[in-house]
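# Architecture and fold: a report
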Amino acid sequence: ATEIVFWHSMEGALGDRVNELVQGFNESQSDYTVKAIYKGAYGESMNAGIAAFRAGNAPDILQVFEVGTATMMHAQGAIQPVQEMSEQAGDPINPDDFLGAVASYYSSSDGKLVSMPFNSSTPVLYYNKDAFRKAGLDPENPPKTWKEVAEAGKKLRESGMECGYTTGWPSWVQMETFAAWHNVPFATKNNGFDGLDARLSVDQPAFVKHFAFLAQMAKDGSFTYGGRGDASNALFTSGKCGMFTGSSGSRANIIRTGEFEFGTASLPYHDDIEGAPQNTIIGGASLWVFAKKSPEVYKGVTKFFKYISSPEMAAKWHQETGYVPVTKAGHQVTRESGFYEKNPGTEVAVLQLNADTTENSRGIRLGFLPQIREIAEGEMERIFAGEVDAETGMKRIAERGNEMLKRFESSVK
Ligand SMILES: O=P(O)(O)OC[C@H](O)CO
């Protein structure tokens, strides 16, 4: 059988689900064997994949987080566009099978899929129902606005909790998704979709207001900063924090690790910012195929992609992880099975995404966005520590981030 090497970043319960999916494919036919290898967190595996390509030993498939999309799209010569690959293999993947918000995120301007949608997520609010009860808060009535989060955070602290509220993926949740949810631009040029000369808009009043709010929460102890990426997940699963904004795809690991009853609610919003709540944007990752592989490998990759996006497999992955359904059929199968009624909280993410998008809420496509996140999270750390005010911090993110955007622009021209 032809071997297909697949590098991914799925940990814990998610890694187990990937291995099951791969095993199911390998057992379903005998021409191809997919070998799934965990290559570290998203940032690490993306760097490893690019370095391996340069050294001539790239894997066949690489899972790349959504913020790496523009960088990958412009990696001329390194990438085999997915739809084109499937058409050449005689087994076309149809972009219309996917939810619009998902397909458009990973499509070129002519509407063709460049990477394969796989694990799309969106941020939600998780809360510890046991801790809510102990603090005298209503476990069936989670906070809806940021003001309510701050109040609940104080009560949780007063009841003896070590931490009221924390957040995963600080830039994704508090800036990128925050912008779409409040219908304000994250960047000019249609959030980057309309040109490489897009620049960040994060020094605008809505962001300054939000970060001043979070800084105040950090000061009064209702918010605990838990680190970059998904480092803070453990603060919630260990029971230390009563509330947590994080990926819908964290559900599987919260179920596995958390020894408490939890609820899932919509991402909080500021009710004094007009236009909120709009819709959230997708996060998570998609699957990229490297160039310069044999036609036989591409045939096998196509077959594997067809397998994982079949209605049954897409529905199973969605239901067992918390990632949103990426195909329309996967969503329908799940709805018709009564899964959402039986598992309260599992539809929150889907509903948050399910809206007519505006130019601010369709998604973000900026080069070097992983590096911009690092800059943003570094500046946020200074804001939360009280070293700079929100306005200064946001200005610095815009300035330093724009330097990265200019560098990207000149590197691909
Ligand atoms: O935890 P995930 O897989 O939903 O990813 C969250 C962020 O979108 C990663 O950039």
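Since the structure is predicted, the reported quantities are computational estimates derived from the model, not experimental observations.

### A few points about the overall build of the protein
Across its full length, the protein holds 19 helices and nine strands. Radius of gyration (C-alpha) of the protein: 21 Å, near the 22 Å computed for a compact globule of 413 residues. Its C-alpha atoms give the protein principal-axis dimensions of roughly 60 × 50 × 35 Å. Sequence-distant contacts, at least 24 apart, represent 76% of the contacts inside the protein between residues at least 6 apart.

### Some points on the domain arrangement of the protein
Splitting the protein by domain gives domain 1 (2–120 + 282–353) and domain 2 (123–280 + 367–412). Here the C-alpha centre of domain 2 lies 26 Å away from the C-alpha centre of domain 1. On the side of domain 2, 26 residues touch domain 1, which itself brings 25 residues to the contact. Secondary-structure elements contributing two or more residues to the side of domain 1 that touches domain 2 are α1 (12–28), α2 (42–54), α3 (69–73), β9 (283–289), α14 (311–321) and α17 (348–353). Tallied by class, residues from the side of domain 1 that touches domain 2 come to eleven nonpolar, twelve polar and two charged.

### Regarding the sheet that holds strand β4 (residues 116–121)
Pairing is mixed across the open sheet formed by five strands, whose spatial order is β2-β1-β3-β9-β4. The open sheet has two edge strands, β2 (32–38) and β4, and neither has a second partner. Across the sheet, the mean angle separating the axes of adjacent strands is 20 degrees when strand polarity is ignored. Strand direction decides the pairing type here: β4 and β9, joined by five bridges, are antiparallel. Across the sheet, residue N119 finds its bridge partner in β9, namely A285.

### Overview of the pairing of strand β6 (residues 163–167)
Along a regular strand, successive side chains alternate from one face of the sheet to the other. Within β6, five of the five residues are buried, which leaves the element mostly enclosed by the surrounding structure. In the sheet, β6 pairs with strand β7 (residues 241–247) via four bridges, with the strands oriented parallel. Among the inter-strand pairings, Y165 is bridged to a residue of β7, identified as M243.

### Quick word on the site of the ligand
Surrounding the ligand, one finds 14 residues, the nearest of these being F65, S121, S247, G249 and G283. Taken together, the elements giving at least two residues each to the shell around the ligand come down to β4 and β9. Looking at which element gives the most residues to the shell around the ligand, the answer is β9, with three residues. Across the shell around the ligand, the residue classes tally to six nonpolar, six polar and two charged. Residue assignment places the shell around the ligand across two domains, with domain 1 (2–120 + 282–353) and domain 2 (123–280 + 367–412) each supplying three or more.

### Structural notes on the sheet that holds β7
Here we have four strands laid out as an open sheet, ordered β6-β7-β5-β8, and mixed in their pairing. On the outer flanks of this sheet lie β6 and β8 (262–265), each paired with one strand and no other. Across this sheet, the average inter-strand angle for adjacent strands is 20 degrees, counted without regard to direction. Helix α7 (residues 146–158) contacts β6 and β7 of the sheet and is inclined by roughly 135 degrees relative to β6.

### What to know about the nonpolar core
Counting 122 residues, the largest nonpolar core has V102, Y126, V202, M243, V301, F304 and L366 as the members making the most contacts within it. Each of two domains, domain 1 (2–120 + 282–353) and domain 2 (123–280 + 367–412), supplies a minimum of three residues to this core. Those residues within four positions of M243 in sequence are excluded, and the remaining contacts are L125, Y127, V149, A152, G153, G164 and Y165.

### Quick notes on the packing of helix α8 (residues 170–181) against helix α18 (residues 369–384)
Helix packing geometry: the angle between the two helix axes and the distance between the axes. Two numbers describe how α8 lies on α18: the axes approach to 10 Å, and their chain directions differ by 90 degrees. Of the possible angle classes, the one that applies to α8 and α18 is roughly perpendicular. Contact residues: P170, S171 and M175 in α8; R373, A376, E377 and M380 in α18.

### Considerations on the packing of α14 against helix α15 (residues 328–336)
Look at α14 against α15: their axes get within 8 Å of each other, and the N-to-C directions meet at 65 degrees. As judged from the angle between their axes, α14 and α15 are roughly perpendicular. Here α14 and α15 pass one another in a crossing that is right-handed. Touching P311, E312, A314, A315, H318 and Q319 of α14 are A329, G330, V333 and T334, all from α15. When its residues are assigned to classes, the contact of α14 with α15 shows five nonpolar, four polar and one charged.

### Topic: helix α13 (residues 295–308)
The end-to-end C-alpha distance of α13, which contains 14 residues, comes to 20 Å, matching closely the 20 Å that a straight helix rising 1.5 Å per residue would cover. Along α13, the positions that sit buried rather than exposed are V297, Y298, K299, G300, V301, T302, F304, F305 and I308.

Rules used throughout
Every chain begins its residue count from 1, and numbering advances along the sequence as written. In keeping with the model being predicted, local features are shown solely for residues with a pLDDT of at least 70 and side-chain atom pairs are shown and tallied solely at 80 or more, while totals for entire chains, interfaces and linings include all residues. By the criteria applied, helices consist of DSSP H or I runs no shorter than four residues and strands consist of E runs no shorter than two, each listed in order from the N terminus. We take the radius of gyration over the C-alpha atoms and set the globule estimate at 2.2 Å times the residue count to the 0.38 power. For every residue pair, C-beta atoms are placed from the backbone, and the pair is scored as a contact if these atoms sit within 7 Å. Domain limits in this description derive from either an automatic procedure or a database domain assignment. Note that Gly is not counted as nonpolar here; it falls among the polar residues with everything else outside the nonpolar set of Ala, Val, Leu, Ile, Met, Phe, Trp, Tyr, Cys and Pro and the charged set of Asp, Glu, Lys and Arg. Two strands qualify as a pair provided DSSP detects at least 2 bridges between them. Geometry is summarised by axes, namely lines fitted to C-alpha atoms with helices restricted to the contacting stretch, and by angles between N-to-C directions that run from 0 to 180 degrees. Exposure in this text rests on C-beta crowding, where 20 or more other C-beta atoms within 10 Å of a residue's own make it buried, 12 or fewer make it exposed, and counts in between make it partly exposed. The C-beta atoms are placed from the backbone. Using a C-beta atom placed from the backbone for every residue, we mark a residue as near a molecule or strand if that atom lies within 6 Å of it. By definition, a nonpolar core groups buried Ala, Val, Leu, Ile, Met, Phe, Trp, Tyr and Cys residues that are joined through C-beta atoms within 7 Å. By definition in this entry, angles of less than 35 degrees are roughly parallel, angles greater than 145 are roughly antiparallel, angles of 65 to 115 are roughly perpendicular, and the rest are oblique. The sense of a crossing depends on the near helix, which, turned anticlockwise from the far helix by less than a right angle, makes the crossing left-handed and, turned clockwise, makes it right-handed. Helix span is expected to be 1.5 Å times the residue number reduced by one.

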